[in-house]
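# Chain and residue survey
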Amino acid sequence: MLSLSNFFAGVTFLTAVAAIPLISRASLWPDPEPCTGNCSWIHDPNVIKSATGTYYRFSTSGNIAIATAPSLTGPWSYKGAMLPGGPAIHVADNQDTWAPDVSLIDGTYYAFYAVSYIGYQGSEIGVATSTFLDPGTWTDHGSIGLPKSSSYNLIDPNLFQESGSSPIYFSFGSGWQGVFQSTLNSPPVTASGAAATNLAYNSTVPPGQNFPSVTEGSYQFWWQNGGDKWYYLFFSSGACCNTPPNLAATGDEYKIMVCRSTSQSGPFFDQAGRNCLTQNGGTLILGSHDNVYAPGGQGVMYDSTLGRPVIYYHYVNPTIGYKAEDFLFGFNYLDFSSGWPVIVS
Ligand SMILES: *[C@@H]1O[C@H](CO)[C@@H](O)[C@H](O)[C@H]1NC(C)=O
Ligand SMILES: *[C@@H]1O[C@H](CO)[C@@H](O)[C@H](O)[C@H]1NC(C)=O
C-alpha cells in the first residue's frame, strides 16, 4: 500500500509540474461507465433489477432514495423515498437512515437499512418489505433485533444467500472491530440469535488519526470459474467523507477492497495470502484515480442484460465537489477470470 501511495503522489506531482506530454495519467483503472439522469447525491448505492427489467437504485439520503432506469447507465429518475415518514426505529433525534441493501427472496423484496448518525455506536438495523420495489409499496418492520455490542456498530447491512434454499447470512459493521456476520431467520425479518463472528478488520492506525482505519460497507458475492468457486467479501476501507482542507492522507481515503474464501463465513484472505481478519489483509480493487476520489459504499451484481458482473459505488469528482450532495453514482465491469475480481472496461 505504501508503494501505491507513493505511486499516486508521484503521478500527481508529475502531472502538476508539467506539460510532459508523454506522461499520461495512465491509471490503474478505467473511468466509471457513463451515467445519465440523476446520478448525484448518492451514498452507499444498492441496485436491483425488477422482474420487468427496470433497474432500481436505492441510496442513502431522504429516508432512502429510490431511482429507476432502463439500464445501469441511465437515464436515472428519482421516484421518491422508501420510508417517507422515516423508519419505525428511533435511536436519536438527529438520526438518519443509511445504506440500503435489497434482496428478492420467495417473491418478496427485503430492504435492510441502518438508523444512525455519524460516529454513533448505538445504531440499529431494520427491514422493510415490498412486492414491487416502488416508493409507496414498502412496509416497515422495524428492527431485526441484532444485539448491540461494543465490538461493532449495527450499520451497513448486507444479506447473502447463495441460492433459494441456502441459509441466509447477514454481514454488517463499521469502525470498532470492523465487519461481522450473523444469520437471519426465514423469512429474513428477524435475526436468528446466532453469535456474530468477525470477518474483517484493519488494525492500522493511519497518520493523523487516533483510531484504526475503518473497515465497513461489506458486500458478499460468489463466483465460479470452471471448478473453482469462491466467496468474495468486498468492503470499503478508510475515511469516507472528508472535505478539503481535511482530506485523509493519500491512500487512507475511502477505497474498495476484496478478500476471498472457500466459505461464505471465512476465513477470508487477500491476494497476497494475508488473513483479512488477523493480518490486515485486503486487496485494493478500486482506489482514487483521475477524477475519481474515495470510491466506496459498493455493491456487486451480475447484470443479466449485459451478461457481465459489475461493481457499483459512490465517489467524489474533485472538479464537482466533496459535499454530501455532490457524491456520484459510478459503476464498472468486473473480470473474475483470474479468480480475483479486476475492474475492466
Ligand atoms: C436526485 O436524487 C436525489 C437522491 O439520490 C434526490 O435527493 C434529488 O432530489 C434528485 N433530484 C431530482 C432533480 O430529482
Ligand atoms: C488498512 O489501513 C491502512 C491505513 O489507512 C491502509 O493504508 C490500508 O490500505 C488498509 N488496509 C485494508 C485492507 O483496508
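Owing to the predicted nature of the structure, the values given are computational and were not obtained by experimental measurement.

Conventions adopted
Residues numbered from 1 in each chain as written. Chains lettered and ligands numbered in written order. Predicted model: local features only at pLDDT ≥ 70, side-chain atom pairs only at ≥ 80, totals over all residues. Heavy atoms only, no water. UniProt positions renumbered as here; feature names shortened; annotations may be inferred. Helix = DSSP H or I, 4+ residues; strand = E, 2+ residues; numbered from the N terminus. Buried < 20%, exposed > 50% of the residue type's maximum accessible area, 1.4 Å probe, protein only. Contact = heavy atoms within 4.5 Å. Core = buried A, V, L, I, M, F, W, Y, C linked by side-chain atoms within 4.5 Å. Polar contact = N/O pair within 3.5 Å; in protein donor to acceptor, adjacent residues only side chain to side chain. Near = heavy atom within 4 Å. Areas by Shrake-Rupley, 256 points an atom, 1.4 Å probe, with all protein chains shown as cover. Nonpolar A, V, L, I, M, F, W, Y, C, P; charged D, E, K, R; others polar. Disulfide = S-S within 2.5 Å. Phe/Tyr/Trp six-rings, centres within 6.5 Å; stacked < 30°, edge-to-face > 60°. Lys NZ or Arg CZ within 6 Å of the ring centre and 35° of its normal.

Right, let's talk about the UniProt feature "active site" (unreviewed entry) in the protein for a bit. Per the UniProt record, "active site" (unreviewed entry) is annotated on Asp-44 and Glu-216. On the basis of their most widely separated C-alpha atoms, the annotated residues across 173 residues gather in one place, lying no more than 10.9 Å apart. The residue Asp-44 is located in the loop between helix 1 (2–17) and strand 1 (46–49) in this model. A relative accessible area of 17% places Asp-44 in the buried class. Sequence-distant contacts of Asp-44, defined by excluding residues within four places in its chain, comprise Phe-58, Ser-59, Thr-60, Ala-99, Pro-100, Gly-297 and His-314. Positionally, Glu-216 belongs in strand 13 (residues 215–225).

For the rest of this paragraph, the subject is the nonpolar core. Core analysis: the biggest nonpolar cluster contains 43 residues, and Val-47, Leu-72, Trp-76, Phe-234, Ile-311, Phe-329 and Leu-334 have the highest contact counts within it. Look past the residues within four positions of Leu-334 in its chain and what remains in contact with it is Phe-234, Ile-285, Val-300, Pro-309, Val-310, Ile-311, Pro-341, Val-342, Ile-343 and Val-344. Core analysis: the second largest hydrophobic core is formed by 20 residues, Ala-99, Ala-114, Leu-154 and Ile-155 among them.

Moving on, we get to unusual backbone geometry. The omega torsion of the bond from Gly-74 to Pro-75 falls at 0°, within 30 degrees of zero and hence cis. Positionally, Pro-75 belongs in the loop between strand 3 (65–69) and strand 4 (77–81). With an omega dihedral of 5°, the bond running from Pro-244 to Pro-245 counts as a cis peptide bond. Locating Pro-245 in the fold gives a position in the loop between strand 14 (228–237) and strand 15 (255–261). Unusually for a residue other than glycine, Leu-133 sits at a positive phi of about 80°.

A separate point is the side chain of Glu-124. Note on placement: Glu-124 falls in strand 7 (residues 124–130). Within the structure, Glu-124 has its side chain in polar contact with the side chain of Ser-143 (distance 3.2 Å). Look past the residues within four positions of Glu-124 in its chain and what remains in contact with it is Ile-89, Val-91, Tyr-113, Ala-114, Val-115, Ser-143, Lys-148 and Leu-154.

Around ligand 2, the structure places 13 residues, and the nearest of them are Asn-202, Ser-213, Ser-237, Asp-252 and Gly-281. About the coverage of ligand 2: the protein hides 91% of its 360 Å² of free accessible area. When residues of the shell around ligand 2 are traced back to their parent elements, those giving at least two are strand 14 and strand 15. When the residues that make up the shell around ligand 2 are grouped by side-chain class, the tally is four nonpolar, seven polar and two charged.

With that settled, consider the site of ligand 1. Every residue near ligand 1 is listed here: Asn-38, Ser-40, Trp-41, Ile-42, Ser-61, Ala-65 and Tyr-78. One of the side-chain N or O atoms of Asn-38 is found 2.4 Å from an oxygen atom in ligand 1. Surface burial for ligand 1 is 55%, taken as the share of its 370 Å² of free accessible area covered by protein chains.

Its location among the elements puts Ser-59 in strand 2 (residues 55–59). Sequence-wise, Ser-59 and Ile-311 are 252 residues apart; in three dimensions their C-alpha atoms are separated by 15 Å. Aside from chain neighbours lying at most four places away, what touches Ser-59 is Trp-41, Ile-42, His-43, Asp-44, Pro-45, Ile-64, Ala-65 and Pro-100.

Moving on, we come to the state of the cysteines. Applying the stated criterion to the full structure yields three disulfides. Disulfide partner of Cys-240: Cys-241, at an S-S distance of 2.1 Å. Residues Cys-240 and Cys-241 are joined through a disulfide that is left-handed, its torsion about the S-S bond being -100°. Using a relative accessible area of 26% as the deciding quantity, one classes Cys-240 as partly exposed. Disulfide pairing places Cys-259 opposite Cys-276 at an S-S distance of 2.2 Å. Between Cys-259 and Cys-276 the sulfur-sulfur dihedral comes to about -100°; the bridge is accordingly left-handed.

Here we take up the packing of aromatic side chains. Summed over the entire model, instances satisfying the criterion amount to 19 aromatic pairs. Here the aromatic residues Phe-221, Trp-223, Tyr-232, Phe-234, Tyr-302 and Phe-336 are joined through ring pairs into a cluster of three or more. One residue, Arg-260, lies across the ring of Trp-230, its end atom 3.6 Å from the ring centre. Positioned above the aromatic ring of Tyr-333, the side-chain terminus of Arg-308 is 4.0 Å from the ring centre.

Looking now at the environment of Asp-156. Relative to the helices and strands, Asp-156 is located in the loop between strand 8 (139–143) and strand 9 (158–160). Between the C-alpha atom of Asp-156 and that of Val-115, which follows or precedes it by 41 residues, the distance is 9.7 Å. Apart from the residues lying within four places of it in its own chain, the contact partners of Asp-156 are Ala-99, Ala-114, Ser-171, Phe-172, Gly-173, Ser-174, Glu-216, Gly-217 and Ser-218. Polar side-chain contacts of Asp-156 include one of 2.9 Å to the backbone nitrogen of Gly-217.

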